[in-house]
Every structure is written in structure tokens, then in C-alpha cells.
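# Breakdown of the fold
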Amino acid sequence: MARPAYTPVSLSPLAQLRTGRLVRRLPQLVFGLMLYGWSMALMIEAGLGLDPWDVFHEGLTGYLPLTFGQITMLVGALVLLLWIPLKQWPGIGTLLNVVLIGIAVDQGLALLEQPDSLVLRAVMLVAGVVLNGLAGALYIGAHLGPGPRDGLFLGLVRRTGYSVRLMRTSVEITVLALGWLLGGTVGVGTVLYALAIGPLVQAFLPLVQVRVSEPEAAAPLVPESSPSGAE
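In this text, all values refer to a predicted model and were calculated from it rather than measured experimentally.

This part is about the overall build of the chain. Each helix and strand in the chain was counted, giving ten helices and zero strands. Going residue by residue from the N terminus, the α and β elements of the chain occur as α-α-α-α-α-α-α-α-α-α. Looking at the chain as a whole, 52% of its 231 residues qualify as buried. Long-range pairs, those at least 24 residues apart, make up 85% of the contacts in the chain between residues at least 6 apart in sequence.

Take a look at the structure:
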């Protein structure tokens, strides 16, 4: 039997907790966020280019006495502050996103070393991108709130009326340019991520999403992350 297609739900932070199945959803959320950080570590150690936000994070490592994971957490917290004028409320998944991904990426970087072989680095890159897509699907499919970066462009969509594609592209081009100017790694991995992450998340979502009901009384304050990406 074919898996049902991904069905996005739009729930307020309180409604996200009231829809049930938390015994399944919370562990899936935590594992998805940790896997997201570990997949980031694979792409970083591959040294062949990062996704736009991680180019920005890596660029900042040259200027701040913080680890990559700590910078990821700092940027996530600062981006979350931008939700205030957009009148959005974070879910538990949003808050855990800020903390757990940073912890996991530092764990991964402590365990991994960049191989000398270009072939092995390419394998690490591809594995990182694929696992990143799975991780994004896991935490989006738990329906416990978007990541701070996803919520930023979704909030801009709601406030400006422009399309998701335009707002996401505008935000990511901006952080990519800033990261590159700061010395972040842009390369083939950046292009691969941009082309592959949307289809990967879209493919994994029907396999891992948790079916929850959408209460009629739930106020749709923050739409769920779109299947085109994560974090």
C-alpha cells in the first residue's frame, strides 16, 4: 500500500501539544534534531561546501571565540528574536531546535576528521545531505513547531504577502553572501544541497510524518515548515 502524501498542519504552540501522540512525536523530534546536527558535521568535515546558513555560521567562527555549534545556537536565538515583530510564537520544537542542533554538530565535529581522499570526502558530503533531508523530515513530521530560520521566512511570507519561494530564496541568498564574505565555505556542496534538499525532504516526509488531527479551535499562528527544507 502506498504511503499517504505529506499533509501539513497549522497549529498554535498549545494545540501542538494537545493533538496527542507525544510518546511518538517527542522522541522523533529530538532524534531528528540531533541527526540534523550530525549531518551538518558530515558536510562540514567534507569541506566541499555548506548550505547557506552553515556558510554563515562557519564564517562567524573566524570572528567569534565560539564553537560551530555554539554559533549555531547563538544565531538561532537571535533569529528567534526576529519572530517578535512578526508576531509569531515558538513551539517546543522551535526551542529545542535552537539547543539540540548546536550540541549535536559539536558532538559530530569532535568525532569526525576530514579524510585525505577526495572520494571519501564526496561520500561524506552526499551522506550528510541525504541524512539532513531525513532529519528535516523527521522533525517537521513531528508537528511540534518550525525551526527559527524556517519560521523567519514563513513569518515574512505572512506579513508581506510574498511567496514562500521568494522569501526563502531572499533570506538564504542574503545569509549565503554574508557567510561567503566572512570566509565561509562555498562549493559544490552548496549547489548539491540547494538542488537536493527539497526533493529529499519531500520524499522522506510521507514515510516519517506522524498523523495528527487539526482541531478546529486551533489558531494557526505559525504554519508548519514547508517540505522544501528544514531548520
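Back to the text.
Here helix α10 (residues 188-208) contains 21 residues, and its C-alpha end-to-end distance of 29 Å stays within 8% of the 30 Å for a straight helix at 1.5 Å per residue. The largest bend in α10 comes to about 40 degrees, at A196, with the proline P199 one to four residues further on. Within α10, burial applies to G189, T190, Y193, A196, I197, G198, L200, V201, L205, P206 and V208.

Glancing now at the packing of helix α2 (residues 22-46) against helix α6 (residues 92-111). Packing of α2 against α6 brings their axes to within 7 Å, and their N-to-C directions diverge by 40 degrees. It follows that α2 is oblique to α6 by the angle criterion. Pair α2 / α6 crosses with right-handed handedness. Counting all contacts with α2, which are made through L26, L29, V30, L33, M34, Y36, G37, W38, M40, A41, I44 and E45, the residues of α6 involved are I92, G93, L96, N97, L100, I101, A104, V105, Q107, G108 and L109.

In this section: the side chain of R25. On the secondary structure map, R25 appears in helix α2. Accessibility expressed as a relative area gives 0% for R25, which makes it buried. Separated by 2.8 Å, the side chain of R25 and the backbone oxygen of A142 make a polar contact.

Quick look at the environment of G179 now. Mapping G179 onto the fold places it in helix α9 (residues 164-182). Counting along the chain gives 124 residues from G179 to V55, while the straight-line C-alpha distance between them is 4.9 Å. Those residues in contact with G179, other than ones at most four positions away along the chain, are V55, F56, G59 and G184.

Moving on, we get to a nonpolar patch on the surface. Together, Y63, L64, L66, L74, L78, L81 and I84 line one region of the surface with nonpolar side chains, adding up to about 660 Å² of accessible area. Sort the elements by how many residues they give to the nonpolar patch and helix α4 (residues 68-81) lands first, with three residues. Locating I84 in the fold gives a position in helix α5 (residues 83-86). What makes I84 exposed here is its relative accessible area of 61%.

Relative to the elements of secondary structure, L60 occurs in helix α3 (residues 52-61). Judged by relative accessible area, L60 falls into the buried class, the value being 17%. For the pair formed by L60 and I71, sequence separation is eleven residues and the distance between their alpha carbons is 7.4 Å.

Here the focus is the confidence of the model for the chain. For the chain, mean pLDDT is 85; residues scoring 70 or higher make up 84% of the total. Low pLDDT, under 50, characterises residues 216-228; the predicted model gives this stretch 44 contacts beyond four residues in sequence or across chains.

Ranked by size, the top nonpolar core spans 36 residues in total, and within it Y36 and V129 carry the most contacts. Within the residue set of this core, elements represented by two or more residues are α2, α6, α7 (118-141) and α10. When neighbours within four sequence positions are excluded, V129 is seen to be in contact with M43, L192, Y193, A196, I197 and L200. W53, I71, L152 and F153 belong to the second-largest nonpolar core, a separate cluster that totals 14 residues.

About the thresholds
Residues numbered from 1 in each chain as written. Predicted model: local features only at pLDDT ≥ 70, side-chain atom pairs only at ≥ 80, totals over all residues. Heavy atoms only, no water. Helix = DSSP H or I, 4+ residues; strand = E, 2+ residues; numbered from the N terminus. Buried < 20%, exposed > 50% of the residue type's maximum accessible area, 1.4 Å probe, protein only. Contact = heavy atoms within 4.5 Å. Expected span 1.5 Å × (residues − 1). Bend = angle between axes of the 7 residues up to and from the residue. Axes fitted to C-alpha atoms, helices over the stretch in contact; angles between N-to-C directions. Parallel < 35°, antiparallel > 145°, perpendicular 65-115°, else oblique. Left-handed = near helix turned anticlockwise from the far one by under 90°. Polar contact = N/O pair within 3.5 Å; in protein donor to acceptor, adjacent residues only side chain to side chain. Patch = residues over 30% accessible without salt bridge, like charges linked within 9 Å, V, L, I, M, F, W, Y side chains within 5 Å. Areas by Shrake-Rupley, 256 points an atom, 1.4 Å probe, with all protein chains shown as cover. Salt bridge = Lys/Arg side-chain N within 4 Å of Asp/Glu carboxyl O. pLDDT = per-residue confidence, 0-100. Core = buried A, V, L, I, M, F, W, Y, C linked by side-chain atoms within 4.5 Å.

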